[in-house]
Amino acid sequence: MQEYNDDSSSSEGKKNDQSPFQGNFGEMNIHSGYEEEDGNTAMRDAHEDLQVRHTPPTTQDNNRRVRWHDEDHIHITVWKNRKPRKREIEENRPDGTSRSWFKITVPCGRKYNKTWLLDSIQSHCSVPFTPVDFHYVRTQAQFFVQDVSTASALKNVNYKIRDDENQKIRIFVSHSTVPYSVQNKLKPEQMEQLKLTMNKRYDVFQQALDLQSFRFEPDLVDHDIDMILNRRNCMDATLKIIEENFPELLSLNLRSNKLYQLDGLSDIIQKARKVKILNLSDNELKSAWELNKIRELKLEELWLEGNPLCNNFSNQSTYVSAIRNCFPKLLCLDGQQLFPSLTVEIKVADIMTPSKESYRGSETLKNLVLQFLQQYYWIYDYGDRRGLLVAYHNEACFSLTIPFNAEDPAPISLGKYSKGSRNLKKRKDPVLRVQLLKHTKRDVVDFLSVLPKTQHDLSSFVVDMCVQTEKMLCFSVNGVFKEVEGVCQAHVHAFTRIFIATPASNSGLYIVNDQLCVRDASPIETQGAFFTLVATPSSRSVPTLSQEQQEMVQVFSTQSGMKFEWSLK
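Read on for a plain summary of the structure. In this text, all values refer to a predicted model and were calculated from it rather than measured experimentally.

A short note on the pattern of salt bridges
- Under the criterion given, the structure shown has 15 salt bridges.
- A salt bridge links Glu244 to Lys240; its shortest N-O distance comes to 2.9 Å. In this pair, Glu244 and Lys240 both sit in helix H9 (residues 232–245), four residues apart, roughly one turn of the helix.
- A salt bridge links Asp384 to Arg386, with the nearest nitrogen and oxygen atoms 2.7 Å apart.
- Arg386 gets classed as partly exposed once you look at its relative accessible area, which sits at 44%.
- Linked through salt bridges whose partners overlap, the residues forming this network are Lys114, Arg232, Asp236 and Asp267.

Encoded structure:
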């Protein structure tokens, strides 16, 4: 049996129904199907008759007896050796659909976050509803609801929701078979055995649940319970027990369960929000997109090795960047420690509100920008610059310029920067100008990685806020730096940098445009540069740190290759 049946109900079967309520409910105009090619919608009735169906007499089946009631001309077929199941009487119709179950389809729903989409639909729906088996099918998002009043209310939400691009969201409603997880819901005695088995696998002290190779657990096999976690009913039962019995769960191991999709696991966001460690290694996940279904988890450690998706990336840096797009707080991936993320968790509404006389959000905004710059230049100067990938939007642009002087068009002190300069006064070749404009975060960070090693004087920074709107933040940075390698390492340079950033879906910031201008520092700038730096760190200059701070410094020292004493700075 397929878990989800996309076949629509038979129009021929509907045509023969003569419901006494058809005139009233026909005005609901509920969708039962749609054409993706042109957007036209086929409109059908949502209700079916409650009358006894007429069945022509036949003598071919010896197991049934026919009775005729001449007074009302109703023909009844009575089966002698078969008692109809309750589910068939109450739920199923002759055409295989249910009288009370409806499938809700959002045609382009795959591009929307599950929580946002369901919350948006609920906020526009006139009645509360409980979505069953939310999942994605190709570009669509689908779920199921029970009873016609809920279906009618959801039908009325069609075109009432707008997304971030101001596009109206379509919603279609159609009759459905009973959802798979409802049809195959575990029996009470099976749930009790499952609970006992999971209790044995739960570590109370570590608040960790080990469900590795769960299908082959002897305690389940011996009771004929086939726990295939790809099946929605199995995952639903597992998460239900977690919610009711392990509310403080921090670590979940789902290794080696042949998971190829995470639709069922997406409900963990509501049922086990405290999970920080998740092991999905040695499964069958083919695309990193599946991780979007659980991206609202605040994961700090994730294991994905042994999944086909790991082969989709050209190098480790690209792999880490893609996974961190889903989980910005991730500190460990497949057992490898990661640099702390540059994204700062803030509420966009708190910092993007237009200024008012009594508004104090500017201090919040100031602290955000300064913290962002401190983290950015710490990695730029002392770490692996590939770690800056997490700071840029996928479609980010970057350009570098140096001042043009006809008398000295290529100053020796800026030689390494002049080759990448895009100054339009100097670059006449339009093709070269396009090539020098770095587009996509990969190109931007690759270019930054080949620029000279530097040390910036953070005390020289002058930061200014240029523009702020609800969806954009523009700020500039002026200061000085020096190269730490080569013949120009004693030479002080000045720079101006303009960042344009946009709020990220994880409540952080992404740089979408980065413009850097480098020049020789003036005598005054050179004289005051690095004045506060101490040439050699001494034991007297080492601050007193807490145990947690010392551990953070040690991690940074190991990753950056710097001496522990210098890492303290």
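A closer look at helix H5 (residues 148–155)
- Where burial is concerned, most of H5 is hidden: seven out of the eight residues are buried.
- Within H5, the full set of buried residues consists of Val148, Thr150, Ala151, Ser152, Ala153, Leu154 and Lys155.

Points about the sheet that holds strand E17 (residues 336–337)
- A sheet is described by the order of its strands in space; here seven strands give the open sequence E11-E12-E13-E14-E15-E16-E17, paired in mixed fashion. Each of the sheet's edge strands pairs with one partner strand only, and the pair in question is strand E11 (202–203) and E17.
- Relative to strand E12 (residues 208–210), E11 is paired through two bridges, and the arrangement is antiparallel. Bridge assignment links Asp203 to a residue of E12, and that residue is Ala208.

Some points on the pairing of strand E18 (residues 392–401)
- In terms of burial, E18 is a largely internal element, seven of the ten residues being buried.
- As paired strands, E18 and strand E24 (residues 509–520) are joined by six bridges and run parallel to one another. Looking across to E24, one finds that Tyr392 is bridged to Ile511.
- Here two bridges tie E18 to strand E19 (residues 438–439), and the two strands are oriented antiparallel to one another. Along E19, the bridge assignment pairs Phe398 with Lys438.

Quick word on the sheet that holds strand E5 (residues 101–106)
- Across the sheet, four strands lie side by side as E6-E7-E5-E10; this open sheet has antiparallel pairing. Each end of this open sheet is capped by a strand with a single partner; those strands are strand E6 (132–137) and strand E10 (172–175). Between one strand axis and the next, the sheet turns by 25° as a mean value, whatever way the strands run.
- By the bridge criterion, four bridges tie E6 to strand E7 (residues 140–146) in an arrangement that is antiparallel. Note that in E7 the partner of Val137 across the bridge is Gln140.
- Helix-sheet contacts for H5 involve E5, E7 and E10, and the interaxial angle to E7 is about 145°.

What to know about the side chain of Gln140
- Its location among the elements puts Gln140 in strand E7.
- When its relative accessible area of 7% is taken as the criterion, Gln140 is described as buried.

Some words on helix H7 (residues 188–200)
- With 13 residues, H7 ought to run about 18 Å at 1.5 Å a step, and its terminal C-alpha atoms sit 19 Å apart, in line with that.
- Met191, Gln193, Leu194, Thr197 and Met198 are the residues of H7 that are buried. The buried residues of H7 occupy one face: seen down the axis, they fall within an arc of 165°. Every exposed residue of H7 that faces more than 90 degrees away from the buried side is listed here: Pro188, Glu189 and Lys200.
- On its buried face, H7 is in contact with E11, E12, helix H8 (218–221) and H9.

Rules used in this analysis
- Residues numbered from 1 in each chain as written.
- Predicted model: local features only at pLDDT ≥ 70, side-chain atom pairs only at ≥ 80, totals over all residues.
- Heavy atoms only, no water.
- Salt bridge = Lys/Arg side-chain N within 4 Å of Asp/Glu carboxyl O.
- Helix = DSSP H or I, 4+ residues; strand = E, 2+ residues; numbered from the N terminus.
- Buried < 20%, exposed > 50% of the residue type's maximum accessible area, 1.4 Å probe, protein only.
- Pairing = 2+ DSSP bridges.
- Axes fitted to C-alpha atoms, helices over the stretch in contact; angles between N-to-C directions.
- Contact = heavy atoms within 4.5 Å.
- Expected span 1.5 Å × (residues − 1).
- Arc of directions from axis to C-beta.

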